[in-house]
Amino acid sequence: MGLAIHRAAILLTCSLLLVVGPSLLPSRAPPFLAPCLPSGGDSEARAAHGWTTQRSCPAGPSRPRADPRPGGTRSPGVGTFCRSSGPPRRPSASEPEPSASAWGLPRFSPGSSEIHFREMASKSWLNFLTFLCGSAIGFVLCSQLLSILLGEQKDIQPNILHNDPHARHSDDNGQSPLEGQMNFDADVSQHKDENTDIAEYLYQKVKILCWVMTGPQNLEKKAKHVKATWAQRCNKVLFMSSEENKDFPAVGLKTREGRDQLYWKTIKAFQYVHEHYLEDADWFMKADDDTYVILDNLRWLLSKYNPEEPIYFGRRFKPYVKQGYMSGGAGYVLSKEALKRFVNAFKTDECTHSSSIEDLALGRCMEIINVEAGDSRDTTGKETFHPFVPEHHLIKGYLPKTFWYWNYNYYPPVEVSLEFLLLYKYLD
Amino acid sequence: MLSESSSFLKGVMLGSIFCALITMLGHIKIGHGNRMHDHEHHHLQAPNKEDILKISEDERMELSKSFQVYCIILVKPKDVSLWAAVKETWTKHCDKAEFFSSENVKVFESINMETNDMWLMMRKAYKYAFDKYRDQYNWFFLARPTTFAIIENLKYFLLKKDPSQPFYLGHTVKSGDLEYVSVEGGIVLSIESMKRLNSLLSVPEKCPEQGGMIWKISEDKQLAVCLKYAGVFAENAEDSEGKDVFNTKSVGLFIKEAMTNQPNQVVEGCCSDMAVTFNGLTPNQMHVMMYGVYRLRAFGHIFNDALVFLPPNGSDND
């Protein structure tokens, strides 16, 4: 924050200088400038310099030269600046060359120079110092400005950990929406020598409907990217929002937005899916708009189960519910039978909107209606649903020992790093 | 008083303009060099897959074993977290990887170069590597700790190239007349180039320790200048579709650019399937890349790889 203010201040100062600058341009070239102007240092700069100098001092030799000052230690202004309009000098790296033309020499007016010279003679040293000081400050300010303007904006967003299992990501991570439709070619064979027969077979055999929890303000920011990427591997995808959006398209659930509405949204979304799309899929996956799902791996997991059994899968957490419940962050998937029972339970009042903590409340309901909490670990005992971004899981010791996560896991952690991953949550 | 303040302002103006000029010149040059399909570049293409599939199985095994890549990573103490990540991740796939640091660092094993100057560090590292390992390795790969490299793809790229020829390749950038391989994308030298470079390192006229009188020339440019004297020229490495395989940016940045510039083919328009390097990664991203490149697979997608390079022994995140 402090840095931003600092930068803004510099920016303001510099822009002020640029606006006011032209009116303060020297009406006469100070004579001491010539020797202190650094050289460009490479051939291109020199070439450019030679060209401009000749252009800006066309009448150099014919112009009357200013009288040498008494003492003659300083070289006269005009002569110095137009020196290179005479015979070209061999450029050498050690000798600084003036590039006065760069800062507006054409404004030079030889007629008034002599009077000004006398006036300023006594103050010249002070002037010289303030000038040097000024050019140093100008350089620094300008380089700061340019580094702000041209520098690559690294927006590495810190992933702040809140030690609260039901904390949600913030919705305002300042991502700018990108224009246009995107196509990640998820279904086009990008690898010429890739064999996807098994994946295509499973796509037909294990039908998954995905519904993505989002909001009107997130459609362009997040849901759009979901739609362009992993959602293409779903057999059917629905975006659930509080308001309908026919263009995206997103289903309007007629709820309010906000965290305390999450469970209502989930209930209504499953009811909507049950009403309209029950026969279109075998499995019904709920994911957030910042979750990444690798559906081919999810199909591999689900292919071993019958969708007519009451079962659901996700990242299994231990507390509060006897059979555990599935973390909302990593997403969860209900079998067809589980979906039927869940929707029915709200008709018969077996389950109610008991709490606004969506994942926990759903887990409680599932236990009441005898839907089994499935084991989603892979054959080596590693978890396949992940509630955090990859690096939090991959780097040992990243999540502190006191973090709630370690007490919530239903299964003891396996030491070796993960192999199959289905879901990642809290993506930027 | 008035005249002082006005000369101060003049100074400020001059300073600003001068700085703006330098920056402008610098950007013109860089902008010119970065153009992807600059046809003044020397191109070097990856081998054709069909050709490689023609080679017999035994021959292919033999070939993959004959490639020995030695990795040089130039580090400074401030890079320690990147250093740790690099050590844990991709460098395990080099046949040998050594870290060359500007000063003695206690936490990790490294070869102390005793200088802070990147060019001197690079020279010394090349000299050390050549003197010690010229008979054991035929390819030398130099990188910074912000780089992530996929050594298997490097070996695939080099497959049909003869290390006894002077190769100097990576991501080339043009600066004036000089074409050089950017250190950000990693620099690959064949043993022949190493031989020529080392014979030049002792000739100060051709390969000075202090190049550039006023402006410091970056170490990758200096290397190009020296190699030029030995008749070794930079070549840009590309895949069969003409995409760069050595990259000076990270995948995330490429995707972001592709989303704005070519929204219709984000992944295809972004990067090569056989990319060797990416640059500008954070330590966390190194681990994520390692997972994405070597472990994470989508079930039911089978790749018929032309070549198999075995992972290093005892690696648990290969």
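Residues numbered from 1 in each chain as written. Chains lettered and ligands numbered in written order. Predicted model: local features only at pLDDT ≥ 70, side-chain atom pairs only at ≥ 80, totals over all residues. Heavy atoms only, no water.

Undergrad: I'd like to hear about the overall build of chain A, residue by residue, with values.
TA: Each helix and strand counted, chain A has 14 helices and twelve strands in total. Looking at the 428 residues of chain A, the share that counts as buried comes to 48%. Pairs at least 24 residues apart make up 78% of the contacts formed inside chain A by residues separated by at least 6 positions. A total of about 21700 Å² of accessible surface is found on chain A, and carbon and sulfur atoms cover 56% of it. (Helix = DSSP H or I, 4+ residues; strand = E, 2+ residues; numbered from the N terminus. Buried < 20%, exposed > 50% of the residue type's maximum accessible area, 1.4 Å probe, protein only. Contact = heavy atoms within 4.5 Å. Areas by Shrake-Rupley, 256 points an atom, 1.4 Å probe, with all protein chains shown as cover.)

Undergrad: Could you give an account of the pairing of strand β3 (residues 236-241) of chain A, with specific residues and numbers?
TA: Residue and element names in this part refer to chain A. In this sheet, β3 lies alongside strand β2 (residues 208-213) in parallel orientation, the contact comprising five bridges. Bridge pairing links Leu-209 to Lys-236 in β3. For the crossover from β2 across helix α8 (residues 219-228) to β3, the handedness is right-handed. Inspection of the sheet shows β3 paired to strand β4 (residues 251-252) by two bridges, in the parallel sense. Its bridge partner being in β4, Ser-241 is matched across the sheet by Gly-252. (Pairing = 2+ DSSP bridges. Right-handed = clockwise from strand over helix to strand, strands pointing away.)

Undergrad: Go over the state of the cysteines with me, naming the residues and quoting the values.
TA: Counting across every chain of the model gives four disulfides over all chains. Paired through a disulfide, Cys-351 of chain A and Cys-365 of chain A show a sulfur-sulfur distance of 2.0 Å. For the disulfide bridge between Cys-351 of chain A and Cys-365 of chain A, the dihedral angle about the S-S bond is near 95°, and by the sign convention the bridge is right-handed. Remark: Cys-365 of chain A occurs in helix α12 (residues 358-368) and Cys-351 of chain A occurs in the loop between α11 (336-347) and α12; sequence separation between them is 14 residues. Each sulfur in the disulfide pair Cys-207 of chain B and Cys-226 of chain B lies 2.0 Å from the other. Where Cys-207 of chain B bonds to Cys-226 of chain B through sulfur, the torsion about that S-S bond is close to 95°, and the disulfide is right-handed. You can see Cys-207 of chain B sitting in the loop between α7 (191-200) and α8 (219-229) and its partner Cys-226 of chain B sitting in helix α8, a full 19 residues away along the chain. Comparing Cys-207 of chain B with Cys-226 of chain B shows no difference in burial state: the two are buried. (Disulfide = S-S within 2.5 Å.)

Undergrad: Talk me through helix α9 (residues 262-277) of chain A; I want residue IDs and the actual numbers.
TA: Residue and element names in this part refer to chain A. Taking 1.5 Å of rise per residue, 16 residues should cover 22 Å, and α9 covers 21 Å from first to last C-alpha, within 8% of that figure. Looking at α9, one finds that the buried residues are Leu-262, Tyr-263, Lys-265, Thr-266, Ile-267, Ala-269, Phe-270, Val-273 and Tyr-277. Structurally, α9 contributes buried residues whose contacts are with β2, β3, β5 (283-288), β10 (332-335), α11 and α12. (Expected span 1.5 Å × (residues − 1).)

Undergrad: Quick rundown of the sheet that holds β5 of chain A? Include the residues and the values.
TA: All names here are of chain A. Taking strand neighbours across the sheet as the criterion, the seven strands line up as β4-β3-β2-β5-β10-β7-β11 in an open arrangement whose pairing is mixed. Each end of this open sheet is capped by a strand with a single partner; those strands are β4 and β11 (372-373). Bridge count for strand β7 (residues 311-314) against β11 is two bridges, and the pairing is parallel. Bridging across to β11, Ile-311 finds its partner in Glu-372.

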